[in-house]
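# Remarks on the overall topology
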Amino acid sequence: MKIKSVRGMNDISPPETASWQYLEETIVDVLSTYAFQEIRFPILEHSELFRRSIGNVTDIVEKEMYSFDDRNGDNLSLRPEGTAGCVRACVQQGLLHNQTQRLWYKGPMFRHERPQKGRQREFHQIGVEAFGFEGPELDAELLIMMDRLWSRLRIDGAMTLEINSLGQASDRARYRVALVDYLEDYREQLDDDSQRRLTTNPMRILDSKNIDTQKILADAPRLAEFIDDTSRVHFDRVCGLLSAAGVEYKINDSLVRGLDYYSKTVFEWVTNKLGAQGTVCGGGRFDDLIEQIGGKPGFAIGLALGMERLLLLVKAMDVLPDSLGKNVDVYLVAVGNVSEEAFLISEQLRSEIPGLRVEQHCGSGGFRSQLKKADRSGARLALIIGEDERSKDVVGVKFLREHREQEQVDRKRLMDFMQPIFI
Ligand code: ATP
Ligand code: MG
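Now for a description of the structure that goes with this document. Predicted model, so just to flag it, every value in this text is computed and none were measured.

This brings us to the overall build of the protein. Each helix and strand counted, the protein has 15 helices and 16 strands in total. For the protein, whose C-alpha radius of gyration is 28 Å, the value lies well above the compact-globule estimate of 22 Å for 423 residues. The principal-axis extents of the C-alpha atoms in the protein amount to approximately 90 × 55 × 45 Å. Per-residue burial for the protein yields a buried fraction of 51% across its 423 residues. In the protein, of all internal contacts separated by at least 6 residues, the share reaching a separation of at least 24 is 71%. Surface exposure of the protein reaches about 21200 Å², of which carbon and sulfur atoms provide 47%. Charged side chains of the protein number 56 positive and 66 negative; the gap between the two group centres comes to 5 Å.

Written out as structure tokens, the structure reads:
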């Protein structure tokens, strides 16, 4: 019996890893141009951290967390998202005292959901969090930055930015009362989940995909009417800055997001190219969370980008660079008892032509079979060293992708010959 991976937790292997590296490098490259720096924090945290931050009655905490007692009896959870751990780390490390932070993280997250396209139990996010910025500029900066990223990845045409304001906690408390008051009259007509949420987390009902529930919601009180002036002014300014920067957006006043800690600005980028799992990136302001986790009151805003969905999208749009699958520039064919010479050549190539990717044939194999491997490797050319070449002090050069005569190059001239080809 073979042992298989855990359901919903996937391996990522070559050549797929090249696509991941390309996405990660491009993202980090863009984030760096906005002066964001990496932070790393553990994958395991005390379950209490997630209960307190994400909220006890959210889907994540109620039914999706991987929690267990460790050998000391501490209740721990695999992180279902990054924000809670990031804030915990910043508070613990004193990174929020009289200073601002622009941070990003990347890594695996774990949620016990039903696996399907674009939804796994282990999935990967790159997250961005900024601390210490009260004004709407940071909200706008994050959105402008991601807009630039979508352009860099050539998926801007498929992404729609939806934004909303959740106001302050006190606004939402008043709204919740009004919403429940309205929905109570329709309790029996609501879907099961929404009936349950009526007492636990009524604002999540706005998220319901159920058609009948949506019809009832059409005439429900709107959150926008409960939002105080400060939040209103803040939101208008975010919208104004986006328009001035030429970033398109859609105000969606049903957008509430699945976690409890948001206030004021929230947003999602959605695409119609991935079916039901159409949200690629989401986030918002979470000023109150710092205090909830034991820090001094502060300001915070962030977002998380789902890497699997991003990868599905760039594949669906066929915008990955052609060069991605190729990982070899030069294949060294070594026939016969010439290993010492072969190592000298390939090591010299790596030293003299920085970044050159050399695959040296190791082990036995005849000329023909090695040349086949060279071709399959995607290399631009094969260097050939056999006993004959060694005795003549030459190296054979065979171009694999262009019509060019095979030649013999003097061993001493080999680097001079190779350099102009690859630089
Ligand atoms: P959804 O509504 O699709 O469940 P979410 O609101 O739970 O998403 P967030 O907690 O906002 O998602 O996480 C940010 C991003 O992480 C999502 O927009 C999505 O791209 C990705 N993501 C979330 N859960 C999963 C999952 N189980 N598998 C793959 N990607 C996920
Ligand atoms: Mg979810």
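Further notes follow.
Mapped onto the elements of the fold, glycine 295 is located in the loop between helix 10 (289–292) and strand 11 (300–306). The sequence separation of glycine 295 and glutamate 341 amounts to 46 residues, and the corresponding C-alpha distance is 63 Å. If we ignore the near neighbours within four places in the chain, the residues touching glycine 295 are Val91 and Ile290.

Before going further, it helps to examine the site of ligand 1. Neighbouring residues of ligand 1: 14 residues in total, closest Arg111, Glu113, Arg119, Gln120 and Arg257. One nitrogen or oxygen atom from the side chain of arginine 119 is found 2.8 Å from an oxygen atom belonging to ligand 1. The protein chains hide 87% of the 580 Å² of surface that ligand 1 would expose on its own. Of all the secondary-structure elements, those providing two or more residues to the shell around ligand 1 are strand 6 (122–131), strand 10 (279–285) and strand 11. Counting residues per element, the shell around ligand 1 draws most heavily on strand 10, at three residues.

On to the pairing of strand 5 (residues 101–110), then. For strand 5, the buried fraction is high: eight of the 10 residues fall into the buried class. Examined bridge by bridge, strand 1 (residues 37–38) and strand 5 share two bridges and lie parallel to one another. When the bridges of strand 5 are listed, glutamine 37 appears paired with leucine 103. Pairing geometry for strand 5 and strand 6, over 10 bridges, is antiparallel. Across the sheet, the residue bridging to lysine 106 is isoleucine 126, located in strand 6.

Let us look at the nonpolar core. By size, the foremost hydrophobic cluster in this structure holds 48 residues, and its most contacted members are Trp150, Leu305 and Leu310. If you tally residues by element for this core, the top one is helix 5 (residues 136–153), at eight residues. The contacts of tryptophan 150, once residues within four sequence positions are left out, are Ile155, Asp156, Met159, Trp269, Cys281, Leu305 and Leu310. Grouped together as the second largest cluster of nonpolar side chains are 46 residues, Val61, Val87, Leu223 and Ala300 included.

Let us look at the packing of helix 2 (residues 47–54) against helix 4 (residues 83–92). Where helix 2 contacts helix 4, the two axes come as close as 9 Å, and the packing angle between them is 105 degrees. Taken together, the axes of helix 2 and helix 4 are roughly perpendicular relative to one another. For the pair formed by helix 2 and helix 4, the contact residues are Leu49, Phe50 and Ser53 on the first element and Ala84, Gly85 and Arg88 on the second. In terms of residue class, the contact of helix 2 with helix 4 is built from three nonpolar, two polar and one charged.

Counted residue by residue, helix 11 (residues 307–316) has seven buried out of 10 residues, so it is predominantly covered. Among all positions of helix 11, only Met307, Glu308, Arg309, Leu310, Leu311, Leu313 and Val314 are buried. Tucked inside the fold, the buried residues of helix 11 contact helix 1 (16–32), strand 6, helix 5, strand 10 and strand 11. Directly beyond the C-terminal end of helix 11, a positive phi value near 55 degrees is found at aspartate 318.

Structurally, glutamate 268 is set in strand 9 (residues 263–270). Side chain to side chain, glutamate 268 and arginine 257 meet in a polar contact 2.8 Å long. Here glutamate 268 is in contact with Thr160, Leu161, Glu162, Leu255, Arg257, Thr279, Cys281 and Gly282, once residues within four sequence places are set aside.

Before going further, it helps to spend a moment on the pattern of salt bridges. Inspection of the entire model under this criterion finds 30 salt bridges. The partner of arginine 51 in a salt bridge is glutamate 48, with the nearest N and O atoms 3.5 Å apart. With a gap of three residues between them, arginine 51 and glutamate 48 both fall in helix 2, about one helical turn apart. The class for glutamate 48 is partly exposed, based on a relative accessible area of 35%. With a shortest N-O distance of 2.8 Å, aspartate 139 and arginine 285 are connected by a salt bridge. Of this pair, aspartate 139 sits in helix 5 while arginine 285 is found in strand 10, placing the two residues 146 residues apart along the sequence. Each member of the pair, aspartate 139 as well as arginine 285, carries the same accessibility label: buried.

Our next topic: the sheet that holds strand 15 (residues 394–399). Taken in spatial order, the five strands of this open sheet run 13-12-14-15-16, and their pairing is mixed. Only two strands of the sheet have a single neighbouring strand rather than two, namely strand 13 (358–360) and strand 16 (407–410). Shown here is a sheet whose adjacent strand axes are inclined to one another by a mean of 25 degrees, direction ignored. Pairing geometry for strand 14 (residues 381–385) and strand 15, over four bridges, is antiparallel. Bridged to leucine 383 within strand 15 is valine 397. Running over the sheet, helix 12 (residues 339–352) touches strand 12 (330–334), strand 13, strand 14 and strand 15 and is turned about 170 degrees from strand 13. The strands that helix 13 (residues 367–376) touches are strand 12, strand 14 and strand 15; relative to strand 12, the one it contacts most, it runs at about 170 degrees.

Calculation notes
Position numbers for residues start from 1 in each chain and track the written sequence from start to end. Each chain gets a letter, beginning with A, and each ligand a number, beginning with 1, in the order they are written. Local features in this predicted model are restricted to residues whose pLDDT is 70 or higher, and side-chain atom pairs enter the listing and the counts only when it is 80 or higher, whereas totals over whole chains, interfaces and linings include all residues. Think of the side-chain values as coming from all heavy atoms in the structure, minus any hydrogens and water. Every helix listed is a DSSP run of H or I at least four residues long, and every strand listed is a run of E at least two residues long, numbered separately from the N terminus. Based on C-alpha atoms, the radius of gyration is set beside the globule rule, defined as 2.2 Å times the residue count to the power 0.38. Three exposure classes are used, based on accessible area relative to the maximum for each residue type with a 1.4 Å probe and protein chains only: buried under 20%, partly exposed in between, and exposed over 50%. In this description, contact between two residues means that some pair of their heavy atoms is separated by no more than 4.5 Å. Accessible areas in this description were obtained via Shrake-Rupley with a 1.4 Å probe; residue shielding takes into account the shown protein chains only. Counting rule applied: Lys, Arg positive; Asp, Glu negative; His and chain ends not counted. Throughout, a charge is located at the NZ atom of Lys, the CZ atom of Arg, the CG atom of Asp or the CD atom of Glu. Each residue is tested against the molecule or strand, and it is near if at least one of its non-hydrogen atoms lies within 4 Å. Think of a polar contact as two N or O atoms within 3.5 Å of one another; within protein, one of them needs to be a possible hydrogen donor and the other a possible acceptor, and neighboring residues in sequence only count if both atoms come from side chains. A pair of strands is considered paired only if DSSP assigns at least 2 bridges between the two. Here the nonpolar core consists of buried residues drawn from Ala, Val, Leu, Ile, Met, Phe, Trp, Tyr and Cys, with membership extended through side-chain atoms lying within 4.5 Å. Between the N-to-C directions of two axes lies an angle of 0 to 180 degrees, each axis being a line fitted to C-alpha atoms and, for a helix, fitted only over the stretch in contact. By definition in this entry, angles of less than 35 degrees are roughly parallel, angles greater than 145 are roughly antiparallel, angles of 65 to 115 are roughly perpendicular, and the rest are oblique. Amino acid classes used here: Ala, Val, Leu, Ile, Met, Phe, Trp, Tyr, Cys and Pro are nonpolar; Asp, Glu, Lys and Arg are charged; the rest, including Gly, are polar. Salt bridges are defined by distance alone: a side-chain nitrogen of Lys or Arg within 4 Å of a carboxyl oxygen of Asp or Glu.

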